[in-house]
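# Residue-level structure breakdown
Each chain, letter by letter, is given below.
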Amino acid sequence: MALTKKSNLSRRNFIKKTGLSLAGTMVISPAFSQVLSATTKKRKVALVGTGIRGISFYGKFLQEQYSDVIEYVGLCDINPGRVAYAKEYIGVDCPTFTDFDKMLATVDIDLLMVTTVDSTHHEFIIKGLEKGIDVVTEKPMTTDEKKCQMIIDAQRKSKGKLIMAFNYRYGKLFSKLKTIIDSKEIGDIISIDFNWYLNTYHGASYFRRWHGLRDKGGTLLLHKSAHHFDLLNWFIGSEPLEVHAYGELEKYGKNNAFRGANCRSCEHKKECDFYWDITKNETYMKLYAANEKHDGYIRDNCLWREEIDIFDKMAVQIKYSNNVQVSYSLSTYSPFEGFKIAFNGKDGRMETYEGIPWRDELQEDQSKIHDKEMDHSSHSKAELKYHEIVTQRNFEDYNLIKFPFVRKGHWGGDRLMFNEIFRNQIVDKKLKHAAGVREGSMAVLVGIAARISIDEKRPVKIAELTDLVPKKQI
Ligand SMILES: NC(=O)c1ccc[n+]([C@@H]2O[C@H](COP(=O)([O-])OP(=O)(O)OC[C@H]3O[C@@H](n4cnc5c(N)ncnc54)[C@H](O)[C@@H]3O)[C@@H](O)[C@H]2O)c1
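You'll find the protein chain entered in an unreviewed UniProt entry as Gfo/Idh/MocA family oxidoreductase, with Winogradskyella echinorum given as the organism.

## Digging into unusual backbone geometry
For the peptide bond that leads from Lys-139 to Pro-140, omega is -15°, which places it in the cis range. Looking at the element boundaries, Pro-140 is found in the loop between strand S6 (134–137) and helix H6 (145–157). Phi angles above zero are rare outside glycine, and His-410 is one such case at about 55°. Relative to the helices and strands, His-410 is located in helix H17 (residues 408–411). According to the relative accessible area criterion, His-410 is buried, its value standing at 4%.

## Side note on empty space enclosed by the protein
A full pass over the atoms with the stated rule returns two cavities of 30 Å³ or more. Its boundaries defined by the atoms lining it, the largest cavity holds a volume of some 90 Å³. Every residue lining the largest cavity is counted, 14 residues in all, and those nearest its centre are Cys-263, Cys-266, Cys-272, Cys-302 and Trp-304. The residue inventory of the lining of the largest cavity, partitioned by class, reads nine nonpolar, three polar and two charged. Reported here for the second largest cavity is a volume of approximately 50 Å³. Lining the second largest cavity we find Gly-355, Ile-356, Pro-357, Asp-360, Leu-362, Glu-364, Gln-366, Ile-369 and Leu-384. Of the residues assigned to the lining of the second largest cavity, the class counts are five nonpolar, two polar and two charged.

## Thoughts on the sheet that holds S6
A sheet is described by the order of its strands in space; here six strands give the open sequence S4-S3-S2-S5-S6-S7, paired in parallel fashion. Looking along the sheet, the strands with just one partner apiece sit at the ends: strand S4 (96–97) and strand S7 (162–164). Summarising the sheet, strand S2 (residues 43–48) and strand S5 (residues 111–114) pair through four bridges and their orientation is parallel. From the neighbouring strand, Ala-46 faces S5, where its bridge partner is Leu-112. Across the sheet, helix H2 (residues 52–66) touches S2, strand S3 (70–76), S5 and S6, and the angle it forms with S3 is around 155°. Where helix H3 (residues 80–90) meets the sheet, its contacts fall on S3 and S4, and the angle it forms with S3 comes to roughly 160°.

## Notes on the pattern of salt bridges
All told, the structure shown has 29 salt bridges when counted by the stated rule. Arg-53 is the salt-bridge partner of Asp-414, the closest N and O atoms lying 3.1 Å from each other. Residue Asp-414 is located in helix H18 (residues 413–423), and its partner Arg-53 is located in helix H2; the two are separated by 361 residues in the primary sequence. Close ionic contact of Arg-458 with Glu-456 constitutes a salt bridge, the shortest N to O distance being 2.8 Å. On the basis of relative accessible area, Arg-458 is assigned to the partly exposed category, the value being 27%. Of the residues examined, Glu-456 reaches a relative accessible area of 46% and is grouped as partly exposed.

## Examining the packing of H2 against H18
Where H2 contacts H18, the axes come no closer than 12 Å and their chain directions differ by 60°. As far as their axial angle goes, H18 and H2 are oblique. The two elements H2 and H18 cross, and the hand of that crossing is right-handed. Note on element contacts: H18 touches H2 through Asp-414, Arg-415, Met-417, Phe-418, Asn-419, Phe-422 and Arg-423, opposite Arg-53, Phe-57, Tyr-58, Phe-61, Leu-62, Gln-65 and Tyr-66. For the contact of H2 with H18, a count of residues per class yields eight nonpolar, two polar and four charged.

About the thresholds
- Residues numbered from 1 in each chain as written.
- Predicted model: local features only at pLDDT ≥ 70, side-chain atom pairs only at ≥ 80, totals over all residues.
- Heavy atoms only, no water.
- Helix = DSSP H or I, 4+ residues; strand = E, 2+ residues; numbered from the N terminus.
- Buried < 20%, exposed > 50% of the residue type's maximum accessible area, 1.4 Å probe, protein only.
- 1 Å grid on protein atoms, 1.4 Å probe; cavity = no way out; pocket = protein on both sides within 12 Å on 5 of 7 lines; lining within 4 Å.
- Points joined across faces, edges and corners; volume = space filled by probe spheres on them.
- Nonpolar A, V, L, I, M, F, W, Y, C, P; charged D, E, K, R; others polar.
- Pairing = 2+ DSSP bridges.
- Contact = heavy atoms within 4.5 Å.
- Axes fitted to C-alpha atoms, helices over the stretch in contact; angles between N-to-C directions.
- Salt bridge = Lys/Arg side-chain N within 4 Å of Asp/Glu carboxyl O.
- Parallel < 35°, antiparallel > 145°, perpendicular 65-115°, else oblique.
- Left-handed = near helix turned anticlockwise from the far one by under 90°.

What follows is the structure, given as structure tokens:
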């Protein structure tokens, strides 16, 4: 007996051409109020970590688009060549440093931006908070539970404010999903199925660099999944209670028969499907290759290095304080980059997906997908016209929502996040986009718990890890 009306009988194929109102009321975000209190003078900003995220988003983009409200007072990186190139690339005239403590001691900073290697974030966050200044940090907030506790303690004592740069939350598609969840169209959420696929270009890129070492990036359960775990926490409106996970390294690292020093010099160029020619990218050559001599950071390192010790497939089960259950997985060598997410509610279900070529009937150049995500230019070639979001209430037909497609700048989230941080502009107060130390902690604690669960083959309670007690409702 069919419980759902057949769609070919009374097909109510609602196509709601809904766009998220971006005009929004311009009110000051309480979470960021300290950063934003001065409206008349420019915020004095300093950046530590002048790698690609630093120079592009927190550098050139910030300088070009927000220089009416900010001024650079310092740039810092342990690599002297990279920080010198950063100054030129961003187009600023401020002092540069290779010693962070010297920058902090000699420069008057209102807001410190942290875009270093993940395992070092805590050092700069804590020093900034101890100095009483505001700090914006890239994800993941940190990579283990001890550092997480140290950051929580530093925040408790500081008059400065830690801002977690969770740009995915601000992404237009994700904000739309949150709006639908909060409208209770499908009732209270009871479980979520979330699968993320990194392709053989973007996924592989993590294994070429420091991300392949768990003492640098904490595994992709932190480096990459912190975004996804934060989205889940935010969608669900509750905090994670317990995590059980599996993970293996079966493709990259020691799993291949051959390996080389790096792609540029490799004798296996022709036979290696993953050969990547860094010399074609001028910025990368100037930022990384020209500065290898200072610190040995090889950007086109071999992804078959025996030292790689992270997982390349991961499956995580999460139970939340409000009883919601999540099944999450991350793949790192998929032929296409994208995701599927489905929300099961008490009264229905909502699903969406992205990047699945056979569904979109569009085979994009997979080597360019990640560049699109990182792109902040205002013009780009026409993309797909819309995302498809389907909601279906129990015993009713489905609604197909065609939501305007945005992929650049992390689903448009990068710009909206900066608008909130630097211009007090909030898209929609109800969405609670702004994130601080608690949200940053809860996202990394899921990843840390998952990593411990895999290592120790046991479920891990979030409350084991720091003194934060998970809340039922946030
Ligand atoms: N939110 C997003 O969407 C997004 C996107 C890309 C990167 N990121 C984050 O940005 C950060 C940087 O990533 P990236 O791709 O630019 O990496 P990268 O390797 O290009 O840059 C990291 C920089 O940090 C510097 N560094 C390392 N240790 C340091 C120290 N102790 N003191 C000063 N500088 C130090 C390195 O020399 C390097 O220049 C990471 O935390 C990453 O997770 C976030």
